[in-house]
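Listed here are the chains, written in short residue letters.
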Amino acid sequence: MGKMKDELTFYACDTKVLEEKIMTQDLLMGTELAGELERLGTCLGTIYFDNLYLGDVLKKLEEISGAPFKFLLGMGARRLEPCGPVSYCGRQIPAELGEYVFAIENLQKLMKKAEPTEKEAEILAKWNAFAEKINLDAEPGCLESLKKFIGKFRDRTPELISVYTRC
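Now for a quick tour of the structure. (Residues numbered from 1 in each chain as written. Predicted model: local features only at pLDDT ≥ 70, side-chain atom pairs only at ≥ 80, totals over all residues. Heavy atoms only, no water.)

### What to know about the overall build of the protein
So the rule is basically this: Secondary structure is summarised from DSSP: a helix means a run of H or I of at least four residues, a strand means a run of E of at least two, and numbering begins at the N terminus for each. Atoms counted for the radius of gyration: C-alpha only. Globule rule: 2.2 Å times the number of residues to the power 0.38. Only protein chains enter the accessibility calculation, which uses a 1.4 Å probe; a residue whose area is less than 20% of its type maximum is buried, one above 50% is exposed, and one in between is partly exposed. Throughout, a contact is declared for two residues whenever any of their heavy atoms are within 4.5 Å. Here, Shrake-Rupley sampling with a 1.4 Å probe gives the accessible areas, and only protein chains in the shown set may cover a residue. Residues scored as positive are Lys and Arg, those scored as negative are Asp and Glu, and His as well as the terminal groups of each chain are ignored. For the purpose of locating charges, the reference atoms are NZ of Lys, CZ of Arg, CG of Asp and CD of Glu.
Summing up its helical and strand segments, the protein has six helices and five strands in all. The N-to-C order of helical and strand elements in the protein reads β-α-α-β-α-β-β-α-α-α-β. Over its C-alpha atoms the protein spans a radius of gyration of 17 Å, differing by no more than 12% from the 15 Å that the globule rule assigns to 167 residues. Dimensions along the principal axes, computed over C-alpha positions, put the protein at roughly 55 × 35 × 20 Å. Counting only residues that meet the buried cut, the protein has 44% of its 167 residues in that class. Considering only contacts within the protein whose residues lie at least 6 apart along the sequence, 78% involve residues at least 24 apart. On the protein, roughly 8900 Å² of surface is accessible, and the fraction owed to carbon and sulfur atoms is 52%. In the protein, 23 side chains carry a positive charge and 27 a negative one; their mean positions are 1 Å apart.

Next comes the structure, spelled out in structure tokens:
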């Protein structure tokens, strides 16, 4: 199938640089925010999967857990404008990344549970139907990789910016 064009990158950036140089530059010049982050920030790491779309996984995780994974995708209240059609940026609160890690851990525990409650069984059924639809088995360990990747940045300061790119 080849590499899917879908990735999540985290950047560290000084708040003053972000607000005075990057965000204003973007509005004046129409420059893509992600390009300015590449130039003026520090790339901390990127995650992508060869056989499935990361964005689809994050959206489904939000649906079943209620954790705001949309923030990682540069959507919702923390997104940085202008954005799209390729890159979506969002300001992250590193201390809150634990919520995503916790949501993934809960799903992993649920998948191993011998006798889930009725409510848990409903959640599992939704996840399993989704996993089958996108062929999650083609990317073994993707949840664990995602959990570790997000968890790595919980202590970052001052600014943590996520850039979600999908072509």
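### Some details on helix α3 (residues 54–65)
Applied cut-off: One less than the number of residues in a helix, times 1.5 Å, gives the span that helix is expected to have.
Compared with the 16 Å implied by 1.5 Å per residue over 12 residues, the 16 Å span of α3 between its first and last C-alpha is a close match. Taken residue by residue, α3 has L54, G55, V57, L58, K60, L61, E62 and I64 as its buried positions. Each element contacted by the buried residues of α3 is listed here: β1 (6–13), β2 (42–48), α4 (97–112), α5 (118–134), α6 (142–151) and β5 (159–166). One or two residues past the end of α3 sits G66, with phi positive at roughly 85 degrees.

### Topic: the pairing of β5
Going by this rule: Strand pairing is assigned whenever DSSP detects at least two bridges linking the two strands.
When you tally the buried positions in β5, you get seven out of eight residues, the bulk of the element. For β1 and β5, the ladder comprises eight bridges, and the chain directions are antiparallel. Each bridged residue has a counterpart across the sheet, and for A12 the counterpart in β5 is L160.

### Observations regarding the environment of Q92
Position of Q92 relative to the elements: it lies in strand β4 (residues 87–92). Look at Q92 and you get buried, because its relative accessible area is 4%.

### So, α6
This is how it is decided: It is the directions from the helix axis to the C-beta atoms that the arc portrays.
Along α6, the residues that are buried comprise C142, L143, L146, K147, F149 and I150. One side of α6 holds all its buried residues, which, seen down the axis, span an arc of 165 degrees. Looking at the buried positions of α6, the neighbouring elements they touch are β1, β2, α3, α4 and α5.

### Focus: the nonpolar core
Threshold: As used here, the term nonpolar core means buried Ala, Val, Leu, Ile, Met, Phe, Trp, Tyr and Cys residues forming a set that is joined through side-chain atoms within 4.5 Å.
Within the largest apolar cluster, 34 residues are counted, with the highest numbers of intra-cluster contacts made by V57, L61, F69, W127, L146 and I150. Looking at this core, the elements that each hand over two or more residues are β1, α3, α4, α5, α6 and β5. Top element by residues in this core is α4. It accounts for six residues. Setting aside residues no more than four positions away along its own chain, F69 makes contact with L58, L61, E62, Y100, A103 and I104.

### Digging into the packing of α3 against α5
Operational definition: A fitted line through C-alpha atoms represents every axis, and for helices the fit uses only the stretch in contact; the resulting angles, taken between N-to-C directions, go from 0 to 180 degrees. The cut-offs work like this: below 35 degrees is roughly parallel, past 145 is roughly antiparallel, 65 to 115 is roughly perpendicular, and the gaps in between are oblique. Under the convention adopted here, Pro, Cys and the residues Ala, Val, Leu, Ile, Met, Phe, Trp and Tyr are nonpolar, Asp, Glu, Lys and Arg are charged, and Gly plus all remaining residues are polar.
At a closest axis distance of 10 Å, the pairing of α3 and α5 adopts a crossing angle of 170 degrees. Considered as vectors, α3 and α5 are oriented roughly antiparallel to each other. Of α5, the residues touching α3 (which contributes D56, V57, K60, L61, E63 and I64) are I123, K126, W127, F130 and I134. Classifying every residue of the contact of α3 with α5 by side-chain character gives seven nonpolar, no polar and four charged.

Taken by themselves, the reported measurements are silent on function.
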